[in-house]
Amino acid sequence: MKAEIIAVGTELLLGQIVNTNAQAISQKLAELGIDVYFQTVVGDNAARLRQAIEIGRGRADLLLFTGGLGPTQDDLTKDVLADYLGRGLHIHEPSMSAIENLFSSRGMAMVESNRRQALMIEGCVPLPNATGLAVGNALKEDGTLYMLLPGPPKEMKPMLEGPGQEWLRSMLGEEKPLFSRLLKFAGIGESNLEAKLIDLIENQVDPTLAPYAKEGEVSIRVSTKAATAKEADGKIDAAVETIKARVGEHLYAQEDIPIEEQIVKLLRKSGRRLACAESCSGGLFAELVTNVPGSSGEFVGGVVTYTNVMKNKLLGIPMSQMEGPGAPGAISESTAKLMAENVRLIADADFGVSLTGVAGPAEAEGKPVGLVYFAIAEKGKETIVHTTNLSGGRSIIRLRAVKAAMYRLWQALKD
């Protein structure tokens, strides 16, 4: 089954609100095994909405509308679709009673326009609205399915998850649902990951592989259609094992979590604690770790020692290490090593992580923008210092440096 999502509302076209409904609907339809081939956004204009219906009907089996079910005159979705199908509109009495009772309970007079929210297209299955007033509509005509959902996400999502999903399942028959697993990678770029898996991606049949990337992380979604979750797991597990054989050293999770959350999980599992000392990253490492709920049990704390004076006073790094003739400098392998070791000792932690480098916009200590040293100091083991040369603007360099350090920390934790 092929679907098209038609979001109705001029405010979407003007950029006044973000179309989050399309994402939520696409995810739900994927779970049901319904392929979303098109997404359309159309304003509150009857002629253009009718045109969108005509186009959608010619290329999709399911047209799923969101928005335009409210009480005002520019809420046109039901009116236009009813006219297009040559059907009338009538009041859905249970919804009308709910609307009247709501206004009565609040001691407010109901204006006539509110009746529009109880309108249904003739022959539709009503989709009750548990969190709002506008009733949803679902119908099938000439082999095409139509579903009308409210625009506000707090109304749309419960309706789709409840009566909307039930109706869609009743229409699917033997259609198999889509099962997916998201593989999360770190320490490797999208192009390098794709190069190592290119034959699998190009020759994919079932399961299918789809790579995604955002700054500092790369993901692959492995998807298959199956009658049961057990059957799907068998097919996906086989694909994952093939992927792991090639790039397993970069695969940190088989669920949609950032690497910092996986780090916290591993620290918790092993009963170990972490501290950090940051210079060029300006506290970003600590921010990402503390964004993980419950991380206070594993993260002791961190310091941002942006200047040499603060490195000296808070971490005990000798000034002679950072300044003067022949000094390695604050941006150096040896300073990164001392920062990680000292913060671990000061915090009485099992791991100390440090970052020092040049985030830009100009070089520092005669060293280029993008040069970053980071170190992992582990209790009872030799401290390891890594050097990386990063590209991008200041904020991108900071994030990439932190994610690189997290990847190396994850490696140390999983071993």
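From a predicted model like this one, the values you see are computed outputs, not experimental measurements. (Residues numbered from 1 in each chain as written. Predicted model: local features only at pLDDT ≥ 70, side-chain atom pairs only at ≥ 80, totals over all residues. Heavy atoms only, no water.)

**Examining the overall build of the protein chain**
The following threshold applies: Helix and strand definitions follow DSSP, with helices as H or I runs of at least four residues and strands as E runs of at least two, each counted in order from the N terminus. For the radius of gyration, the atom set is restricted to C-alpha positions; the globular benchmark scales as 2.2 Å times the number of residues to the power 0.38. To sort residues, take the accessible area from a 1.4 Å probe on protein chains only and compare it with the maximum for the residue type: under 20% means buried, over 50% means exposed, and anything in between is partly exposed. Contacts were defined at the residue level, with two residues in contact if any of their heavy atoms lie within 4.5 Å. In short, Shrake-Rupley with a 1.4 Å probe defines the accessible areas, and a residue's cover is counted only from the protein chains shown. His residues and chain termini do not enter the charge count, which takes Lys and Arg as positive and Asp and Glu as negative. For this purpose, a charge sits on NZ of Lys, CZ of Arg, CG of Asp or CD of Glu.
Check the secondary structure of the protein chain and you find 14 helices and 17 strands. Taking 22 Å as the expected radius of gyration for a compact globule of 415 residues, we find that the protein chain reaches 28 Å, considerably beyond that expectation. Dimensions of the protein chain along its principal axes, counting C-alpha atoms only, are 85 × 55 × 40 Å. Buried residues in the protein chain amount to 48% of all 415 residues. Counted over contacts in the protein chain with a minimum sequence separation of 6, partners at least 24 positions apart contribute 67%. Accessible area of the protein chain: about 19,200 Å², with a carbon and sulfur share of 51%. Averaging the positions of the 44 positive and the 51 negative side-chain charges in the protein chain gives two centres separated by 4 Å.

**With respect to the UniProt feature "domain: MoaB/Mog" (unreviewed entry) in the protein chain**
The cut-off we apply is this: UniProt positions are given in the numbering used here, feature names are shortened, and annotations may be inferred rather than shown by experiment.
Per the UniProt annotation, the sites labelled "domain: MoaB/Mog" (unreviewed entry) are residues 4-171. Counted over residues 4-171, helix gives 41% and strand 23%. Its end C-alpha atoms are 16 Å apart.

**Quick word on the pairing of strand β17 (residues 384-389)**
The line we're drawing: Paired strands are those between which DSSP finds at least two bridges.
In this sheet, β17 lies alongside strand β16 (residues 371-378) in antiparallel orientation, the contact comprising 6 bridges. What sits directly across from alanine 375, in β17, is valine 385. Linking two consecutive strands that pair antiparallel, namely β16 and β17, is a turn of 5 residues; a positive phi of about 85° is found at glycine 380 within it.

**Here we look at the packing of aromatic side chains**
The test is simple: Stacked, tilted and edge-to-face are the three classes applied to pairs of Phe, Tyr and Trp rings, where Trp contributes its six-membered ring and a pair requires centres within 6.5 Å; stacked means planes under 30 degrees apart, edge-to-face means over 60, and tilted covers the rest. Put simply, a charge is over a ring when the Lys NZ or the Arg CZ is close to the ring centre, within 6 Å, and near the line of the ring normal, within 35 degrees.
All told, the structure shown has 3 aromatic pairs when counted by the stated rule. A centroid spacing of 6.5 Å and a plane angle of 70° characterise the contact between tyrosine 252 and tryptophan 410, whose relative ring orientation is edge-to-face. Residue tyrosine 252 is found in strand β12 (residues 251-253), and its partner tryptophan 410 is found in helix α14 (residues 394-414); the two are separated by 158 residues along the sequence. Note on tryptophan 410: relative accessible area 4%, which makes it buried. Ring pairing ties together the aromatic residues Tyr252, Tyr407 and Trp410, which thus form one cluster. Here the guanidinium or amino end of lysine 414 rests over the ring plane of tryptophan 410, the centre of that ring lying 5.1 Å away.

**Focus on the packing of helix α9 (residues 259-270) against α14**
The criterion, for reference: An axis is simply a line fitted to the C-alpha atoms; with a helix, the fit covers only the stretch in contact. Between two such axes, the angle follows the N-to-C directions and lies from 0 to 180 degrees. Should an angle fall under 35 degrees it is taken as roughly parallel, and over 145 as roughly antiparallel, whereas 65 to 115 is taken as roughly perpendicular and any remaining angle as oblique. Crossing handedness: left-handed means the near helix sits turned counterclockwise from the far one by under a right angle, and right-handed means the same turn made clockwise. Ten residues, namely Ala, Val, Leu, Ile, Met, Phe, Trp, Tyr, Cys and Pro, are considered nonpolar, four, namely Asp, Glu, Lys and Arg, are considered charged, and the remaining ones, Gly among them, are considered polar.
For the pair α9 and α14, interaxial distance at closest approach is 10 Å and the crossing angle is 30°. Between α9 and α14, the angle falls in the class roughly parallel. The element α9 and its partner α14 pack so that their crossing is left-handed. Only Lys403, Met406, Tyr407, Leu409, Trp410, Leu413 and Lys414 of α14 make contact with α9, whose side of the interface consists of Ile259, Glu260, Gln262, Ile263, Leu266 and Leu267. Its residues assigned to classes, the contact of α9 with α14 shows 9 nonpolar, 1 polar and 3 charged.

**A short note on helix α4 (residues 77-85)**
By the criterion of burial, α4 is predominantly enclosed, with 7 of the 9 residues buried. Along α4, the residues classified as buried are Thr77, Lys78, Val80, Leu81, Ala82, Tyr84 and Leu85. Downstream of α4 by one or two residues, glycine 86 has phi in the positive range, about 70°.

**A closer look at the sheet that holds strand β13 (residues 274-278)**
Adjacent strands of a sheet pair through backbone hydrogen bonds, lying either parallel or antiparallel. In space, the 5 strands of this open sheet follow the order β14-β13-β15-β16-β17, with mixed pairing throughout. Strands at the two margins of the open sheet, each flanked by one partner only, are β14 (299-304) and β17. Mean inter-strand twist for the sheet, computed between neighbouring axes without regard to direction, equals 15°. Bridge count for β13 against β14 is 5 bridges, and the pairing is parallel. Looking across to β14, one finds that alanine 275 is bridged to glycine 301. Across the sheet, helix α13 (residues 333-347) lies against β13, β14, β15 (351-357), β16 and β17, angled at about 145° from β15, the strand it touches most. Against the sheet, α14 makes contact with β13, β15, β16 and β17, and its axis sits at roughly 25° relative to β16, the strand it touches most.

**Focus on the packing of helix α11 (residues 308-315) against α13**
Relative to each other, α11 and α13 sit at 40°, their axes nearing to 10 Å. Between α11 and α13, the crossing angle belongs to the class labelled oblique. Residues Lys311, Leu314 and Leu315 of α11 form the contact with α13, whose own contacting residues are Met339, Asn342, Val343 and Ile346.

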